[in-house]
Amino acid sequence: MDAEPIKIAILAMGGEGGGVLADWVVDLGESNGYFAQTTSVPGVAQRTGATIYYVELFPGADLPGARAPVLAQVPMPGDVDIVMASELMEAGRAVQRGFVTADRTTLITSTHRVYSIAEKMAMGDGRVDGDQLLGESRKAARRCISFDMAAVAADSASVISAVLFGALCGAEVLPFNRQQFEHTIERGGVGVKSSLKAFASGVERARADPVTTLASDAPGLRDAAAAQARHPEVARLLAHAQRFEKSVADTAVEGIRRLIDYQDVAYARLYLERLDALAAAKGVDHLLLSETARHLALWMSYEDVIRVADLKTRASRFERVEGEASVQSGQVLQIDEFMHPRLEEICETLPAGLGRWLARPHAVNRIAARLTREGRVVRTSSVRGFMLLYLLARWRRGRRSTLRFELENRRIETWLARLCNLAGIDPALALETARCQRLVKGYGDTHARGLGNYECLMAVVDRHAHRLAPASLKALREAALADEHGHRLQALIAQWALGAPAAN
Amino acid sequence: MAERSFVHEVQKLRMGAGEVFAGEGILAVTKALLESGVAYVAGYQGSPISHLMDVLSDAQDILAEYGIRFENSASEATAAATLAASVNYPLRGAITFKATVGTNVASDALANLASGGVTGGALVIVGEDYGEGSSIMQERSHAFAMKSQMWLLDPRPNLPSIVQAVKDGFELSEASHTPVMLQMRIRSCHLHGRFVASDNRRSAFTVKDALENPVRDVNRIVLPPASFLHEREKVQQRWPAAVRFIEERRLNEFFSEDAADVGIALQGGTYNTVIRALQKLGLANVHGDSRIPLYVMNVTYPLVDAEFERFCRGRRAVLVVEEGQPNFIEQNVAAILRQCGLATELHGKDVLPLAGDYNTATVLAGVRSFLERYGLVQAAPRRVIPLVPAVAGAGQAGVQGQAETKAALDALVHARPPGLCTGCPERPIFTAVKLVERELGALHFSADIGCHLFSILPPFNLGNTTMGYGLGSAAAAAFNVPPGSAPAAKRAIAVMGDGGFWHNGLTSGIANSVFNRSDNLTIIVDNNYSSATGGQDIPSSRADNPTRSTGHQIEQAVRGVGVTWVKTLRRTYDLKAMTGALREALTTSTSGPKVLVAQSECMLNRQRREKKLVRTALEAGERVVRERFGVDPDTCTGDHSCIRLSGCPSLSVRTNPDPLRQDPVATVIDSCVGCGTCGEVAHAAVLCPSFYRSQIVSHPTRWERLRERLRRGVIGWLQRADARRRDKWAVL
């Protein structure tokens, strides 16, 4: 067969240094006796879009009278030797476009994810399965070098292109040695030290075992049996919870932990009593009980102003913010909160009677409404701002008297009663009903929308308890999370004729 | 200040004869202009020739050394009209812009230039933005060359050929008194390669000489009867002269002419692709030695009948490889064959696709099909899908596996189009429109060309049409009720960038809406640069530019053409002001056009500028404040409304750290530039209290340090007390 150039495709997004990497490869080739050509479409890349840089290398440039090769400007599916991807979905894209083939392609990819806008804007969890992406990519390639290059780059205070260049060296698929690679970086002259460090890590990681599955970062529930308490009252609750089946107990203990943190021991006791009541009902299985335990804990710890103030003023939170902003010693950190409590939230935080009165239209209501029309920036790092939230958090003692508590408590009780009832009819439907609590989340309009959807679904359940398939309820719940305007949900309800019968 | 600086690279432009130049295609073209003794250069930026304008901009002192006048033209029409300098004087001039947008805008001037003809060489370098990565409608520049009778060069895509084409272009132009277009395909503009340089040449005659010694020839002016004369001159003198020059100078190339009795005639720009396809068929080697005869048209208009006759005579068949549609070349070849009485079979768009990118795989399939028909390659065995799956590991299983992989990936891999950058000042404008639409209902939204066109994508999903650069406002012109009828309940919104505004939007959009008593709103995005094309300065730029006059306010210009309802917002990030202004513009009872000038500097450019300043300040020990946003994971409930209203690349999601919750929480990643949109969105849309802003003060003042110690004392004491209480009741 005739000699062919070495063909390298780099798939990257704007700002990830794909162009720098391509230039390094060209310089590496040209400085070591190769003809090198690269092409790209940079306009797209600069603005976060996915793009391809393509490089071809051909030997013999330093021989006297060498004839220049004819090099291609775009990669051809099935005809690429090395594919480098700066992110996992881009590796998937390379495979999808046929650039990665089992007969010849070495795929070098970072395993970290930069989520697409579709993944990010979903109302629930819109992320695609990274393991599947990685699995398909590995399957397609002759050889795959994969590890989290973003993490390696961060460790070296460098950029991903330097790590990729290191991995390319470590893969030993190009006819150049490490020194030749390193000289290329040095010739570049910008950020040489950190680039070389990232490069070295890249070489090392490429030689180590590749990552074949992504590490899950989802926090699991802690083992209920290992839970302990300082206070005897808390210990009694734990002992009670530990009597449940393990999956239920693990969740229930987490629930207790959360509700004590949220309110007090009595509130956690109420939580257990509610679980007990459900456990005693006919048809209730472990799965229903543990899922209810999870959703009940979330619902009982609904997000009100008091909770937000509490969470925002903790020392642990201040430390987290410092870490995220990587504050060095000698630097001063200020934290500004963006809050917008509306009149509704203020009314709901007041004792029920007072809250209801303030919510009615009269002069005081109008004044309060005017005062709350705009969002506020509260500086929690200042004594004044901190005190405001700190005192608000202390109102926890009065929480049980608030309007919001009254409202939520009623909703919770209704929900639990419904679950008890449904368990006797169809435990699977009860389970899906329990999971509908997921819809109620957020603040302000988001909360109102979620609650509206939830109530719409509950009306369907109440109306059709005896004939509704659990899978249908699941589909309805997913439809409620499909769009902000509830179009999908309404369409599905209409399609399945689950709406309220027309009046008269 | 452009996005990319070529200050270091332009030094290569000083290279002398025999030195090896290595670099980008664009830079090579600039070098070729200098070697050709060009006297003036002009152009308008846009992909893929933005870098050519940037190179010229950064090379102004070198251009000055050779007495070359360089203009950043107001539009492609301006650039084309600039070539008028070559009509009466022996001045070589070059202009550049993107095609086919630029050729469309410039076509009036180009047509008049081509009619009268030129004395000095006139070269129009068009960046052909066609195919993958293109951002415009897919059309061909070829039609413009044909209709105005200009000659079109499409050289083989390697730097020596491109450089040679520039030089040949000037000579061809002078030999035939006709402007010449040089087509640079997108991937060739950004092609890295090398060529052997020649010495730069200074024009013997300069623009100064022309100014001081004016010459006039009424026969060169497009006015009857001269224009009737021009038409005859074109076909009787200029065309034959051009064909003669092309033949004599062998601008088109024949390769392996006697290798087979079929051949391929191709546009020069597709040469590398055709060679690679032949290589894959075993019919060429890496150096381009082909076993199939090739006729490479480095000049794709006009065609040289005699050369075609030579290539086709005695051949059974010829394949024309011609990218894009309509297939002008193929049609022309058909006429030539017919007129020459040749029976050679003609193939082209019958084996190759009618439209779309001619990438290697596409050309390979077409060339294979052509050569199979004439027995030059074996027909590929047909793939049979067996009814019973083959044993695993066999070839068929591989094929099946590939299909499964593809199906899986189609679901997993999302499109990732370009979008607004982190901290882009245009984001809050669209967020504000979304918020106002919540109150007023959906509105007709006329988009324009520029970064702001990304509003059509998720999460904004705003925009009905885009009719051209600076035409956003004009494209909403029809949306006004006739006088005397009941007023419409809604108004249309048009968007225009500052680039588009100065390009033509001031007249075609704003003045037009004044004159025609439009009632619509036009938002002018004033971000200091022509940002989408790479951050070039324009009249309203606020930067000091030593060679250009900047600082001309858009509001003044708008008022100057008669708009009375004008508002300028100096900070687009102020979402409350933005929504307020939009609401007012859309509901006010004042009639006539409304214009909202939304000002904030392009973040991409601002960061490039400020990063350096911050680094210097930090090294000097000065007080520097860095801002970034964050999301508290324990108060975020994972609804992602914030992302749906912003779409910032820095605003992402991560696994919920709460073991009871499953939906991922929003998170702000390190690339955050602290523009403030997140906080403003949370306020304006009443989203959630999870957003916070951290201000990190480096090298704080003594007073700041003291205050910090006091605060920490008080806050820490309270926090410890609270922690003790929680500790007492904690579940461990």
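These numbers come from a predicted model, not from an experiment.

Each value, and the rule that gives it
In this numbering scheme, every chain counts its residues from 1 along its sequence in written order. Chains carry letters and ligands carry numbers; both start at the beginning, A for chains and 1 for ligands, and go up in the order they are written. In keeping with the model being predicted, local features are shown solely for residues with a pLDDT of at least 70 and side-chain atom pairs are shown and tallied solely at 80 or more, while totals for entire chains, interfaces and linings include all residues. Excluding hydrogens and water, the side-chain values take into account all heavy atoms of the structure. The start and end points of each domain follow an automatic or database-based domain assignment. Whether two residues are in contact is decided by their heavy atoms: any pair within 4.5 Å suffices. Throughout, buried area stands for the accessible area (probe radius 1.4 Å) lost by two parts on being put together, summed over both. In what follows, salt bridge is the name for a side-chain nitrogen of Lys or Arg lying within 4 Å of a carboxyl oxygen of Asp or Glu. Fitted lines through C-alpha atoms give the axes, limited to the stretch in contact for helices. The angle between two N-to-C directions lies from 0 to 180 degrees. Secondary structure elements follow DSSP: runs of H or I of four or more residues count as helices, runs of E of two or more count as strands, with numbering from the N terminus. Our angle categories are set so that under 35 degrees counts as roughly parallel, over 145 as roughly antiparallel, 65 to 115 as roughly perpendicular, and the remainder as oblique. When the near helix sits turned anticlockwise from the far one by under a right angle, the crossing is termed left-handed; a clockwise turn instead gives a right-handed crossing. The nonpolar class holds Ala, Val, Leu, Ile, Met, Phe, Trp, Tyr, Cys and Pro. Asp, Glu, Lys and Arg form the charged class, and all remaining residues, Gly among them, are polar. Each residue gets one of three labels from its accessible area relative to the maximum for its type: buried under 20%, exposed over 50%, partly exposed in between, using a 1.4 Å probe on protein chains only. Here a polar contact is taken to be a pair of N or O atoms separated by no more than 3.5 Å, where protein atoms must pair a possible hydrogen donor with a possible acceptor and residues adjacent in sequence count only if both atoms sit in side chains. At least two bridges found by DSSP between two strands is the condition for calling them paired. For the handedness criterion, the strands are oriented away from the viewer, and a crossover whose path from the first strand over the helix to the second runs clockwise is classed as right-handed. The rule is short: rings of Phe, Tyr and Trp, with Trp giving its six-membered ring, pair when the centres are within 6.5 Å, and they are stacked under 30 degrees, edge-to-face over 60, tilted in between. In this scheme, the term charge over a ring applies when either NZ of a lysine or CZ of an arginine sits within 6 Å of the ring centre and within 35 degrees of the ring normal. UniProt positions are given in the numbering used here, feature names are shortened, and annotations may be inferred rather than shown by experiment. Only residues whose relative accessible area exceeds 30% and that form no salt bridge enter a patch; like-charged residues are grouped when within 9 Å of one another, and nonpolar side chains (Val, Leu, Ile, Met, Phe, Trp, Tyr) when within 5 Å. In this description, accessible areas are obtained by the Shrake-Rupley approach with a 1.4 Å probe, and a residue is regarded as covered only by the protein chains that are shown. Expected helix span is computed as 1.5 Å times (number of residues minus one). Throughout, bend refers to the angle between the axes fitted to the seven residues that end at a position and the seven residues that start at it. Per-residue confidence from the predictor is reported as pLDDT, a score between 0 and 100. Only a pair of cysteine sulfur atoms within 2.5 Å counts as a disulfide in this structure description.

## Quick word on the domain arrangement of chain B
All names here are of chain B.
(1) Moving on: Parsing chain B into structural domains produces domain 1 (9-248), domain 2 (253-373), domain 3 (427-605) and domain 4 (623-717).
(2) Moving on: Its C-alpha centre places domain 1 at a distance of 27 Å from the equivalent point of domain 2.
(3) Moving on: Taken together, the contact between domain 1 and domain 2 spans 22 residues of the former and 30 residues of the latter.
(4) Moving on: Regarding the contact of domain 1 and domain 2, the summed buried area is about 2,300 Å², with carbon and sulfur atoms giving 56% of it.
(5) Moving on: The largest contributions to the domain 1 side of the interface with domain 2 come from Y130, R140 and R156, which together make up 31% of the buried area.
(6) Moving on: Where domain 1 packs against domain 2, one counts three salt bridges.

## With respect to the packing of helix α7 (residues 160-171) of chain A against helix α8 (residues 178-188) of chain A
Residues and elements named next belong to chain A.
(1) Moving on: Two numbers describe how α7 lies on α8: the axes approach to 10 Å, and their chain directions differ by 165°. Taken together, the axis directions place α7 and α8 in an arrangement best described as roughly antiparallel. The two elements α7 and α8 meet at a crossing, and its hand is right-handed. Side by side, α7 and α8 meet where F165, L168 and C169 of the first sit next to R178, F181, T184 and I185 of the second.
(2) Moving on: Split by residue class, the contact of α7 with α8 holds five nonpolar, one polar and one charged.

## Structural notes on the pattern of salt bridges
(1) Moving on: Under the criterion given, the structure shown has 99 salt bridges over all chains.
(2) Moving on: With a closest N to O distance of 3.7 Å, R661 of chain B and D658 of chain B form a salt bridge.
(3) Moving on: Given the relative accessible area of 15%, R661 of chain B is considered buried.
(4) Moving on: Overall, the relative accessible area of 14% leaves D658 of chain B in the buried class.
(5) Moving on: Where salt bridges share partners, they join D261, R307, D310, R314 and R394 of chain A together with D722, R725 and R726 of chain B into one cluster.

## With respect to the packing of helix α8 (residues 159-176) of chain B against helix α11 (residues 226-248) of chain B
Any two packed helices are characterised by the angle at which their axes cross and by the distance between the axes.
Residues and elements named next belong to chain B.
(1) Moving on: Interaxial distance between α8 and α11 falls to 8 Å at its minimum, and their mutual angle equals 140°. With respect to their mutual orientation, α8 and α11 come out oblique. By crossing handedness, the relation of α8 to α11 is classed as right-handed. Across the interface between the two elements, D168, E171, L172, A175 and S176 from α8 touch R238, A241, A242, F245 and I246 from α11.

## Points about the interface of chain B and chain A
(1) Moving on: Across the contact, 122 residues belong to chain B and 142 residues belong to chain A.
(2) Moving on: Carbon and sulfur atoms make up 53% of the area that chain B and chain A hide from each other, which totals about 11,600 Å².
(3) Moving on: When residues of chain B are sorted by the area they lose upon contact with chain A, R187, R416 and L660 of chain B head the list and together hold 8% of the total.
(4) Moving on: Across the chain B-chain A interface, the total number found is 24 salt bridges.
(5) Moving on: A salt bridge links D261 of chain A to R726 of chain B, with the shortest nitrogen-to-oxygen separation between them at 3.8 Å.
(6) Moving on: There are 63 residue pairs in polar contact (both at pLDDT 80 or more) connecting chain B and chain A.
(7) Moving on: Take the side of chain B that touches chain A: its biggest share by element is 14 residues, from helix α24 (residues 702-729) of chain B.
(8) Moving on: Classifying every residue of the side of chain B that touches chain A gives 52 nonpolar, 36 polar and 34 charged.
(9) Moving on: The pairing of strand β7 (residues 332-339) of chain A with strand β24 (residues 691-698) of chain B spans six bridges and is antiparallel. Within the sheet, the bridge partner assigned to D336 of chain A lies in β24 of chain B and is R693 of chain B.

## Things to note about the pairing of strand β20 (residues 594-599) of chain B
On any regular strand, side chains alternate: one points to one face of the sheet, the next to the other face.
Residue and element names in this part refer to chain B.
(1) Moving on: Burial analysis of β20 places six of its six residues in the buried class, which makes it a mostly covered element.
(2) Moving on: Burial along β20 is two-sided: the residues K594, L596 and A598 and V595, V597 and Q599 are all buried.
(3) Moving on: The pairing of strand β18 (residues 521-526) with β20 spans six bridges and is parallel. Looking at β20, one finds that I524 is bridged to V597.
(4) Moving on: Note: strand β19 (residues 565-569) against β20, five bridges, orientation parallel. The residue of β20 that forms the bridge with K567 is L596.
(5) Moving on: Handedness of the β19-helix α20 (residues 575-587)-β20 crossover: right-handed.

## What about the packing of aromatic side chains?
Between two aromatic rings, the relevant description is the distance of the centres plus the angle of the planes.
(1) Moving on: Summed over all chains, the structure comprises 28 aromatic pairs over all chains.
(2) Moving on: An aromatic cluster is present here, built from W24, F165, F181 and F199 of chain A joined pairwise through their rings.
(3) Moving on: Residue placement shows R317 of chain A over the ring face of Y692 of chain B; its charged tip is 4.8 Å from the ring centre.
(4) Moving on: Across from the ring centre of Y390 of chain A, 4.1 Å away, lies the NZ or CZ of R394 of chain A, which sits over that ring.

## Let's talk about the UniProt feature "domain: DUF6537" (unreviewed entry) in chain A
(1) Moving on: Here, UniProt's "domain: DUF6537" (unreviewed entry) annotation points to residues 249-456 of chain A.
(2) Moving on: For residues 249-456 of chain A, the helix share is 69%, the strand share is 6%, and the end-to-end C-alpha distance is 31 Å.

## Details of the side chain of R314 of chain A
(1) Moving on: Checked against the element boundaries, R314 of chain A lands in the loop between α14 (305-312) and α15 (315-324).
(2) Moving on: Within the structure, the side chain of R314 of chain A is placed 2.9 Å from the side chain of D261 of chain A, a separation counted as a polar contact.
(3) Moving on: In this structure, R314 of chain A is in contact with D261 and R307 of chain A together with Q719 and R726 of chain B, ignoring residues within four places of it in sequence.

## Observations regarding a nonpolar patch on the surface
(1) Moving on: A cluster of nonpolar residues, L354, W357 and V364 of chain A, forms a patch on the protein surface that exposes about 260 Å² of accessible area.
(2) Moving on: Note on placement: L354 of chain A falls in helix α17 (residues 352-359).

## Remarks on α11 of chain B
Residues and elements named next belong to chain B.
(1) Moving on: Its 23 residues give α11 an end-to-end C-alpha distance of 30 Å, which sits within 8% of 33 Å, the value for a rise of 1.5 Å per residue.
(2) Moving on: Of all the bends in α11, the greatest measures close to 45° and is centred on E233.
(3) Moving on: Listed in full, the buried residues belonging to α11 are A226, S227, H230, E233, K234, R238, A241, A242, V243, F245 and I246.
(4) Moving on: Here the buried face of α11 lies against α6 (101-116), α7 (142-148), β6 (151-153), α8, β12 (299-301) and α13 (305-312).
(5) Moving on: A positive phi of about 50° marks R250, the residue just after α11.

## A word on the confidence of the model for chain B
(1) Moving on: For chain B, mean pLDDT is 93; residues scoring 70 or higher make up 97% of the total.
(2) Moving on: Low pLDDT (under 50) marks residues 388-397 of chain B, which in the prediction has six contacts with non-local residues, meaning those over four places away or in another chain.

## Observations concerning the domain arrangement of chain A
All names here are of chain A.
(1) Moving on: Under the domain assignment, chain A is made up of domain 1 (6-207), domain 2 (224-304 + 404-495) and domain 3 (305-403).
(2) Moving on: When each unit is reduced to the centre of its C-alpha atoms, the spacing between domain 2 and domain 3 is 27 Å.
(3) Moving on: In this assembly, 15 residues from domain 2 lie in contact with 16 residues from domain 3.
(4) Moving on: Counting the surface lost from both domain 2 and domain 3, the interface buries some 1,500 Å², and carbon and sulfur atoms represent 39% of this.

## Description of the state of the cysteines
(1) Moving on: Tallied over the full model, the rule gives zero disulfides over all chains.
(2) Moving on: C456 of chain A carries a free sulfur, and the closest cysteine sulfur to it, the one in C436 of chain A, is 10 Å from it.
(3) Moving on: Between C424 of chain B, a free cysteine, and C421 of chain B, which holds the nearest cysteine sulfur, the sulfur-to-sulfur gap is 6.1 Å.
(4) Moving on: Exposure remark for C424 of chain B: the relative accessible area of 9% places this residue in the buried category.

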